[in-house]
Amino acid sequence: MPWFDLPEPELVRYRTATEEPEGLDDWWRARLDEARAAAAPPALEPHLPEVYGPLGVWDVEFSGALGDRVKGWYLRPPGSGDEPLPTVVTYIGYGGGRGLPTEHALLPAAGYAVFVMDTRGQGGRWTPGATADSAPAGPSHPGFMTRGITAPETYYVTRLMTDAALAVEVAAGLPGVDAARLAVSGGSQGGGLALAAAALNGDRVKVCHADVPFLCDFQRAITLTGSDPYAEIASFLAHNVHLVPAALDTLRYVDAALLARRITARSLLSVGLMDEVCPPSTVYAAYNEITAPKEIAVLPFTGHVVPQLHAETKLRHLREHL
């Protein structure tokens, strides 16, 4: 795919044109307080110790949006015992679930604990999931991006971001976690959730990694790319024209580019200049709103796949700042 978005000098200066809803902080505080009020304590069960041996693996369940139970994995490096460790909360890309612990062993091998959040309702495309979604009634396009889109309180992404924010709180209380050294990380949808979780947790999060993040600058994205998942929204609104104003208003409440203004964590993002799924300008829309110390890895000939070499860049960034 050739470059199709703004030239790089313009990307560096690009700012979202979407206006932030009035009272956004209070609105999000109400969502999180509502979820906390319905929460039950997290539950941890050792997972297949006869298989994983010295690698500590726990099957976790915690309360997310509306008190719904969300699954996760908690992994610790071999031989770490109860030592308080820096911990990375990890989020999954669109269509995937938490998968298996084998997919998340790199960070424990490097000395970090990791808490992997499952993605409610997803997990049928490329990695299995284990969490249901309490979806509201109403018309929607196949996929997840239009479920409940007529109001921010009922929108699927609101529930997902609430889960992501609360996952950080849960991780801070897990045994053997150094709550003063928490990071969030993810790619695509996981990258957008990492940005939202960092924004909604303030100083609790010290490092934020977001690779080619989704869920940013919605109102530009849905008019710029014909690729799913953003195209799910455009396809839905093409036939539900009467819902356009309400849907566009809803998207402002969960736009990670607007939420990024609240990030205090040291942030490392990546952007593919040939990315048709999450166009470069939408990534820069989030990056350019972050006022905390930040870096961006610019990948000129990369689409919506992050090169393996970037994994070492992220490990180095964690080692320096966590």
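Our subject in this report is the structure included herewith. (Residues numbered from 1 in each chain as written. Predicted model: local features only at pLDDT ≥ 70, side-chain atom pairs only at ≥ 80, totals over all residues. Heavy atoms only, no water.)

1. Some points on helix H6 (residues 189-201)
An α-helix turns once every 3.6 residues. As a result, residues three or four positions apart point the same way. Compared with an ideal rise of 1.5 Å per residue, which puts 13 residues at 18 Å, H6 spans 18 Å between its outermost C-alpha atoms and is within 8% of the ideal. Of the residues trailing H6, Gly 202 is marked for its positive phi of about 55 degrees. (Helix = DSSP H or I, 4+ residues; strand = E, 2+ residues; numbered from the N terminus. Expected span 1.5 Å × (residues − 1).)

2. Here's the deal with the pairing of strand S6 (residues 177-187)
Pairing between strand S4 (residues 85-91) and S6: six bridges, direction parallel. In the strand pairing of S6, Tyr 91 is matched with Gly 186. In terms of strand pairing, S6 meets strand S7 (residues 207-211) through five bridges, oriented parallel. Within S7, the residue paired with Gly 186 across the bridge is Ala 210. The handedness of the S6 to S7 crossover, carried by H6, is right-handed. (Pairing = 2+ DSSP bridges. Right-handed = clockwise from strand over helix to strand, strands pointing away.)

3. Focus: the pattern of salt bridges
According to the stated counting rule, one finds 21 salt bridges in the structure shown. The partner of Arg 36 in a salt bridge is Asp 33, with the nearest N and O atoms 2.8 Å apart. With a gap of three residues between them, Arg 36 and Asp 33 both fall in helix H2 (residues 24-37), about one helical turn apart. Since its relative accessible area comes to 36%, Arg 36 is described here as partly exposed. Assessed through its relative accessible area of 40%, Asp 33 is described here as partly exposed. A single network of salt bridges, built from pairs that share partners, joins Arg 15, Glu 20, Asp 25, Arg 261, Arg 262 and Glu 289. (Salt bridge = Lys/Arg side-chain N within 4 Å of Asp/Glu carboxyl O. Buried < 20%, exposed > 50% of the residue type's maximum accessible area, 1.4 Å probe, protein only.)

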